[in-house]
Structure formats: structure tokens, C-alpha cells
Amino acid sequence: MRISPIVNFSYTKCNHNNNVPQKRNAQVSFKGEPNETNIESFLALAFKKFFEKCEDAMIDGVARRYMFVKNYENLLLKEFPDDYEYRQELSRRIKRMESEFKDKDIKINGLVNKIDDLGTEIENINTENSGIKESINNTNLKNSFENQRAKIVLRDVQRQKKIYDALDEQYLALSRLENKVYPNGIMIKGTQSQEEIEKTLKYLQDKGCLLLRTSFSKNDQKQAAKEMVGLLKRIREGDKHGILYIEDFREHTVPSEKNRRFIDKLKAHLCSCSKDSNATILIFENNPQDIDEILLKEHRFGTKIDVSDIKHVFEPGFVPKKDGYTFYYGQNENDTVDLYLGNFGHNREILWVDEPDQDKALKVLENIDLVKSQEKFKDIKYLQMRKPVKVYKIYEDFYTLNHKTADYHPIIEKKLNIK
């Protein structure tokens, strides 16, 4: 059986009631396994515990025998001197230990306070770093959209240059030849915008070309044919070769029973347009496979310029901002709009478009599934915005609410058709 180390004390202490000194006994036990070399340290600890337990007591003596078990088998006895000087020495040791413990406690408390201060400082740094990291992420997102736009501008320049170079070589250079044989038709495939088309037309005009234009989509077949023939006649009566640009060429040239007679007549004109009318037909068509294939044969459209391989499609996306997102939807600098939840962020069913702009609202509606893919906007059911000064067609299914914005502008709302 294992016996825990125990030190027996006899001491004198005054009674609280009558202040009469009384003899008492006390025991102090503690964990550990003392041996021949550390027994005095155990006794010093015993004294410390005694004074903590029996404050203001006067020690009369310590039991002469200290009993403990070594190796859990052999019972050992240790004799200690029972005299005043020995007890005083032990008391001095205890006081020194208490003083050392107190100094260490002060140092430890100081270190604890420093650690707490460092913890607070680290927490503040982490908060600051989190804000910096978020700012860097948002900047990187913005830069990614700007990079997309830069690539699109570069592709636009490359595409335009390829068109200009081809026109120089296959059309404009013919004017310098003695035997000029102009193509009946020129088809340009792969332009990305009406702006590119207008730039190409202006380039031809700046090079001194006579250029007239008509539109198939603005006229029915009879009127379209009449206007085309009239413009070809004007070119023929002039003194230089000219170009007739036909906008929306596909309007009457996609194979169908309705278009059959118009296509047949157009084929006849295009077979000898350059020779008979001193003119070349110019069209821009990105999906020529939809048009009557015989109409586009080489003897009619002998010059085909394809720039469809030079393109970069803008991928829309979001940059987080306080309480919402900035939605980047296009390649132009102003193709952005800020989006928030309605009622100053408190209504998760309302998407607030923060600009009274019809084109921006239309882009949001076109990309509503992408908008809903954002966690903040996943529950939206209505779109709200400040009512524009002019209400266009896309606002026909909006209705005006009774309440207004904080600056007293009317609000319009549309219920979203979400699958």
C-alpha cells in the first residue's frame, strides 16, 4: 500500500472567543516521492503550506519522524533535529521562497499582460490585414476586367487592321491598275459591332471612295429592290467606280418561299454589278451559312474578308463593395452598374439597381441568372430602380411604387421572371 508523504505539526494559537492560547496539532500532506537528497525541500514546502493553512500560529515542534514509501515496497524512516534553530532556518527558507514566488508572480503577471497586449495588437493587425487583403482582391478583380477590356481593344485594332489591309490589297489597289476589274461584291465576316462597320465605311470614304448605302430591313422587298436599283443607277451615271453598302443584307436573302423571287432577281444583278453599274456591293455578314449559298458564290462575292478568328468575348463579373457589388457587364469603361439589396440592404427579395439608366437596367435583366448566382442576391424576386426621366419600351412591365427614394424620386419595380 502506498503512503502519501505527511508532516505533523504541533502549534499554539489564541482562541478567537477568549484570546486564550491553545495547543493544537496539524498535518500537511502533499504529492511527490521525497528521497534522501530532497527531503529538506519537501519540508520547506510543508512549512509553506502550514503557514497558508494556520495563519498567525506559533510552531512548537515538528514530528521527529517523517514516514514515506520508496519504490512502493520498503518503508523508510528519516530522523530530523527537533530544535529551535533548525525550525528558524526552515522558516527563513520559506520566507525566501515566498519572496521569490512573489517576484516570479509579478514577472509572470507582467508577461501575461504583455501577451494580452500582443494578442490585441495581433488581432488589430489581422483585422487590418483582412481589410488590405479584401482591398487587394477587389483591385485584382477590377484589374482583371480592365485587362479583358484592354485585350478587347487590342483585338479590335487587330481586326480593323486586317480589314483595312485586305481592302487596300483587294479593292483600293485596283484603281491604280490600267485594266481595272472590280469585284461584284465584297463580304466582310467577323465584325463585332456597328461601330466597327462605321469605321470601315469611313476608312473607304477617307480613301476617296464613292460610297452609298441602303438598308434591306427598313423596306419591304419591292421598295428594297427599287431603292437598290436607283442607287446603282446613280453610281453608273457618275465618273468613278462606287460602292453600295447594303445594311441588314440577310433581311430578304435567307432562303424561304417568301424570299425566293427577290433572291433570284438579286442573283442576276450581282452577276454583272461591277460591269453594268460600275459598282461593288458591300455587305457585313457574320453568319453567311444562313443566306442563300448560290447568292454568295465567287462570281458574285469574289472578295471575302474573314476576321472572325480575331475576337475576345468579355466575361461579365462582380467586384464586392460595401453592402453590394459593382457589376461589370461590357467592354466599355462605363459598362458597370452598382447593385444592392432593397430597403438599404434589409430586403433580400429586392435587387436595387443604383442608376436610373435604361441600358444598364436592360443589361442586368439580360444577366439576371448570373446576378442570382451571387450569394447576396440568391433570393431576389423583384428589381427596383429610380424612375428614369424618359421611360422606354423595356419599362412597359414596370410599375411605379407609392413610396420614393430618400431624395424624393419615384421608384419603379419589375417582378423578375426567374426559372
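Residues numbered from 1 in each chain as written. Predicted model: local features only at pLDDT ≥ 70, side-chain atom pairs only at ≥ 80, totals over all residues. Heavy atoms only, no water.

Student: Looking at this model, I keep getting lost on the sheet that holds strand β6 (residues 185–189). Mind explaining?
Tutor: Strand pairing in a sheet takes place through backbone hydrogen bonds and is either antiparallel or parallel in direction. Taken together, five strands build an open sheet; the order of strands is β7-β8-β9-β6-β10 and the sheet is parallel. The sheet terminates laterally at β7 (210–215) and β10 (303–306), the two strands that pair on one side only. Adjacent strand axes in the sheet meet at a mean angle of 20°, parallel and antiparallel pairs treated alike. Of the strand pairs in this sheet, strand β8 (residues 242–247) and strand β9 (residues 279–284) are connected by four bridges, and their pairing is parallel. Considered in β9, the bridge of Y245 is made with L282. Against the sheet, helix α3 (residues 194–206) engages β6, β7, β8 and β9, with an angle of about 150° to β7. (Pairing = 2+ DSSP bridges. Helix = DSSP H or I, 4+ residues; strand = E, 2+ residues; numbered from the N terminus. Axes fitted to C-alpha atoms, helices over the stretch in contact; angles between N-to-C directions. Contact = heavy atoms within 4.5 Å.)

Student: Is there a simple way to think about the packing of helix α4 (residues 221–236) against helix α5 (residues 260–271) in this case?
Tutor: Helix-helix packing: each pair is described by the crossing angle between the helix axes and the interaxial distance. Direction vectors running N to C along α4 and α5 enclose 10°, while the axes themselves pass 11 Å from each other. Of the possible angle classes, the one that applies to α4 and α5 is roughly parallel. Contacts from Q221, A224, A225, M228 and V229 in α4 reach F262, L266 and H269 in α5. (Parallel < 35°, antiparallel > 145°, perpendicular 65-115°, else oblique.)

Student: Would you mind going over the packing of aromatic side chains with me for this structure?
Tutor: Each pair of aromatic rings is reported with the distance of its centres and the angle of its planes. Under the counting rule described, the total for this entry stands at ten aromatic pairs. Aromatic side chains F216 and F262 sit 5.4 Å apart centroid to centroid with 85° between the ring planes, which places their arrangement in the edge-to-face category. Placement of the pair is F216 in the loop between β7 and α4 and F262 in helix α5, with a sequence separation of 46 residues. Judged by centre distance (5.6 Å) and plane angle (85°), the ring pair of Y245 and F284 falls under edge-to-face. Here the residue Y245 occupies a position in strand β8, and F284 occupies one in strand β9, the gap between them amounting to 39 residues. One aromatic cluster is present, formed by F318, Y325, F327, Y329 and F377 through successive ring pairs. (Phe/Tyr/Trp six-rings, centres within 6.5 Å; stacked < 30°, edge-to-face > 60°.)

Student: How do you make sense of the pattern of salt bridges when you look at a structure like this?
Tutor: Opposite charge on two side chains permits pairing when their charged atoms draw close. Under the defined criterion, the tally for this structure stands at 18 salt bridges. Of the charged contacts in the structure, one is a salt bridge between K363 and E366, with a shortest N-O distance of 3.6 Å. Of this pair, K363 and E366 are both found in helix α8 (residues 358–366), three residues apart, which corresponds to roughly one turn of the helix. Given the relative accessible area of 34%, K363 is considered partly exposed. E375 is paired through a salt bridge with K378; the nearest N and O atoms lie 2.9 Å apart. When its relative accessible area of 40% is taken as the criterion, K378 is described as partly exposed. (Salt bridge = Lys/Arg side-chain N within 4 Å of Asp/Glu carboxyl O. Buried < 20%, exposed > 50% of the residue type's maximum accessible area, 1.4 Å probe, protein only.)

Student: Please clarify how the layout of surface pockets should be interpreted in this entry.
Tutor: Here the idea is plain: a probe the size of a water molecule rolls over the atoms and shows the empty space left. Estimated volume of the largest pocket: approximately 420 Å³. Lining the largest pocket are 20 residues, with N343, F344, W352, D354 and T405 positioned closest to its centre. Taken together, the elements giving at least two residues each to the lining of the largest pocket come down to β13 (336–341), α7 (342–345), β14 (347–353), β15 (382–386) and β16 (399–404). Of the residues assigned to the lining of the largest pocket, the class counts are eight nonpolar, six polar and six charged. (1 Å grid on protein atoms, 1.4 Å probe; cavity = no way out; pocket = protein on both sides within 12 Å on 5 of 7 lines; lining within 4 Å. Points joined across faces, edges and corners; volume = space filled by probe spheres on them. Nonpolar A, V, L, I, M, F, W, Y, C, P; charged D, E, K, R; others polar.)

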